[in-house]
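Each chain, written out:
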Amino acid sequence: MYNIEVKATSGNYPIYIKNGLLKDIGEGVKNIYNGKKIAVITDANVNELYGAKVIASLKEVGFESFKIVVKAGEESKSFGTLLEVYDKLLDYKINRGDMIIALGGGVVGDMAGFAASTFLRGISLIQIPTTLLAQVDSSVGGKVAVDLPRGKNLVGSFYMPKAVFIDPMLLRTLNDKFFNDGMGEVIKYGAIKDKELFYKLMNYENKEDLLKEIDRIIYTCCTIKANIVEVDEKDTGERMLLNYGHTIGHAIEQFFNFTKYSHGEAVAMGMYAITKLGEELGKTEIGTSIAIKDILKRYNLPWRLPEIKSEDIIRAIRHDKKNIGEAMNFILIKSIGNSFIEKINEDKINDYMQKILKKTTI
Ligand SMILES: NC(=O)c1ccc[n+]([C@@H]2O[C@H](COP(=O)([O-])OP(=O)(O)OC[C@H]3O[C@@H](n4cnc5c(N)ncnc54)[C@H](O)[C@@H]3O)[C@@H](O)[C@H]2O)c1
């Protein structure tokens, strides 16, 4: 078992990482929550695989628990779904002293987390992330949100869970596409903060080899994220480093209406493009972009930017809520494991973007 204690202004919370942890989840929850009622919010796919097991384990230790099952996929991060969830919470007479468990990937974690942060002005939350992306990223740090028709994650809050329970064995049922998507974020942690992790990832022979050590890798990633969010809980400084590859990645996702590329794929292309730009600007060691390209290829992630005009990327970047004002923050790496924030003025961005596109689409 790996344990991490995350320090937050609203109180510290633990992250537990252990293969097979889900089967004793009732015991784990009992150690940190002495109430009676729990609403388990999950999606249809996760429910099919793990819903009954979780409810049975909670029951075994005396909890009264209910399941709220939403449709799988990003469309459930909506106000429509949220209203249905609030409605069920009222039906089950969940009150301020009760608890919500978010059992699922980033979609369920974000939506159920937002429900927990707002229902009756906030009730306790436990995250049980079930995708690689959720285990290394979205379940840690307290960001919860839903989408609006005009954009992703536009309504949300910072709301820390009481605990995060991570069972890496659950990744065995995750399909390759979503697994690789999460690997995009794992690679990101190596690139921004941990050279050793990065080169370790380069050396796994195959997925089975990687899976043998995935608990340790998840621990490393969560530790990096916890260290960053502890010094910048509200995302105004250091936490921006986690956006390496994301500024261009979000722009690509948005330009193609979130249909053509998954988040991990878009971030992968963004990581390569921004590293190429860093080299161009003389701020990144030459050869770093080749290392990024090699690792992305290894995990079946794209690196080459799609056919897209620089004006379109810039328009999409401007639309991103994190880029308001004269200068945009880009995350560059000096070398693998060594990242920094670079402010680039709007007037220079077009020029740079054309350079990036020239270097990454040919
Ligand atoms: N809050 C944050 O800090 C943060 C950070 C990054 C991403 N996000 C959000 O995360 C979301 C994406 O999360 P995601 O990639 O986990 O997608 P997801 O939650 O849609 O899960 C992907 C798919 O995998 C299925 N699934 C989940 N666990 C499974 C398992 N163990 N076995 C088999 N199938 C399983 C789900 O049903 C779904 O179909 C986005 O909405 C994004 O905005 C949030």
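Parameters at a glance
Residues numbered from 1 in each chain as written. Predicted model: local features only at pLDDT ≥ 70, side-chain atom pairs only at ≥ 80, totals over all residues. Heavy atoms only, no water. Buried < 20%, exposed > 50% of the residue type's maximum accessible area, 1.4 Å probe, protein only. Helix = DSSP H or I, 4+ residues; strand = E, 2+ residues; numbered from the N terminus. Pairing = 2+ DSSP bridges. Core = buried A, V, L, I, M, F, W, Y, C linked by side-chain atoms within 4.5 Å. Domains from an automatic or database assignment. Contact = heavy atoms within 4.5 Å. Axes fitted to C-alpha atoms, helices over the stretch in contact; angles between N-to-C directions. Near = heavy atom within 4 Å. Polar contact = N/O pair within 3.5 Å; in protein donor to acceptor, adjacent residues only side chain to side chain. Areas by Shrake-Rupley, 256 points an atom, 1.4 Å probe, with all protein chains shown as cover. Nonpolar A, V, L, I, M, F, W, Y, C, P; charged D, E, K, R; others polar. Expected span 1.5 Å × (residues − 1). Buried area = accessible area lost by both parts, 1.4 Å probe. Salt bridge = Lys/Arg side-chain N within 4 Å of Asp/Glu carboxyl O.

Enquirer: Give me the lowdown on the pairing of strand β10 (residues 327–335), citing residues and values where you can.
Expert: With respect to burial, β10 is a largely interior element, 7 of its 9 residues being buried. Where β10 lies against strand β11 (residues 338–345), 8 bridges are found, and the strand directions are antiparallel. Across the sheet, residue L332 finds its bridge partner in β11, namely F340.

Enquirer: Which residues make up the nonpolar core, and what values go with them?
Expert: Counting residues in each nonpolar core, the largest one holds 80 residues, and the members touching the most others are L201, I292 and L296. Composition of this core by domain shows at least three residues from each of domain 1 (2–173) and domain 2 (176–361). Apart from residues lying up to four places away in sequence, L296 is in contact with I187, A268, M271, Y272, L301, P302 and W303.

Enquirer: Please provide a residue-by-residue account of the sheet that holds strand β9 (residues 163–166), values included.
Expert: Spatial strand order, β1-β2-β9-β6-β5-β3-β4: 7 strands in an open sheet with mixed pairing. Both edges of this open sheet fall to β1 (2–6) and β4 (64–70), since each of them pairs with a single strand only. Taking the axes of each pair of neighbouring strands and ignoring which way they run, one obtains an average angle of 15° across the sheet. Across 3 bridges, strand β2 (residues 13–17) lies against β9 in parallel orientation.

Enquirer: So, the site of the ligand: which residues are in play, and what are the values?
Expert: Taken together, 25 residues sit near the ligand, with D43, E74, T130, T131 and T173 positioned nearest. T130 is positioned with one of its side-chain polar atoms (N or O) 2.7 Å from a nitrogen atom of the ligand. Within the complex, the protein chains bury 88% of what would otherwise be the 860 Å² of accessible surface of the ligand. Those elements giving two or more residues to the shell around the ligand turn out to be α2 (44–60), α4 (106–118), α5 (132–138) and β8 (151–158). A total of 4 residues in the shell around the ligand trace back to one element, the largest contributor, which is α2. Looking at side-chain class alone, the shell around the ligand contains 9 nonpolar, 8 polar and 8 charged residues.

Enquirer: Please give an account of α4 that cites residues and values.
Expert: For α4, which comprises 13 residues, the first-to-last C-alpha distance of 18 Å matches the rise-based estimate of 18 Å (1.5 Å per residue) to within 8%. When you tally the buried positions in α4, you get 12 out of 13 residues, the bulk of the element. Buried within α4 are the following residues: G106, V107, V108, G109, D110, M111, A112, G113, F114, A115, A116 and S117. Trailing α4 by a residue or two, L120 shows a phi angle of about 50°, which is positive.

Enquirer: Can you lay out helix α11 (residues 263–280) for me, pointing to particular residues and giving the numbers?
Expert: Over its 18 residues, α11 extends 25 Å from the first C-alpha to the last, a length consistent with the 26 Å expected when each residue adds 1.5 Å. Most of α11 sits out of view: 16 of its 18 residues are buried. Of the residues trailing α11, G282 is marked for its positive phi of about 75°.

Enquirer: Give me the domain arrangement of the protein chain: which residues, what numbers.
Expert: Domain boundaries assigned for the protein chain yield domain 1 (2–173) and domain 2 (176–361). Computed from C-alpha atoms alone, the centre-to-centre distance between domain 1 and domain 2 is 27 Å. With 29 residues of domain 1 at the interface, the matching set in domain 2 holds 30 residues. The contact between domain 1 and domain 2 buries some 2600 Å² in all, and 65% of this surface belongs to carbon and sulfur atoms. It is Y2, L132 and V136 in domain 1 that bury the most area against domain 2; as a group they hold 24% of the surface buried on that side. Across the domain 1-domain 2 interface, the total number found is 3 salt bridges. Here D235 and K143 are joined by a salt bridge, their closest N and O atoms 2.7 Å apart. Viewed at the interface, domain 2 and domain 1 are joined by 8 residue pairs in polar contact (both at pLDDT 80 or more).

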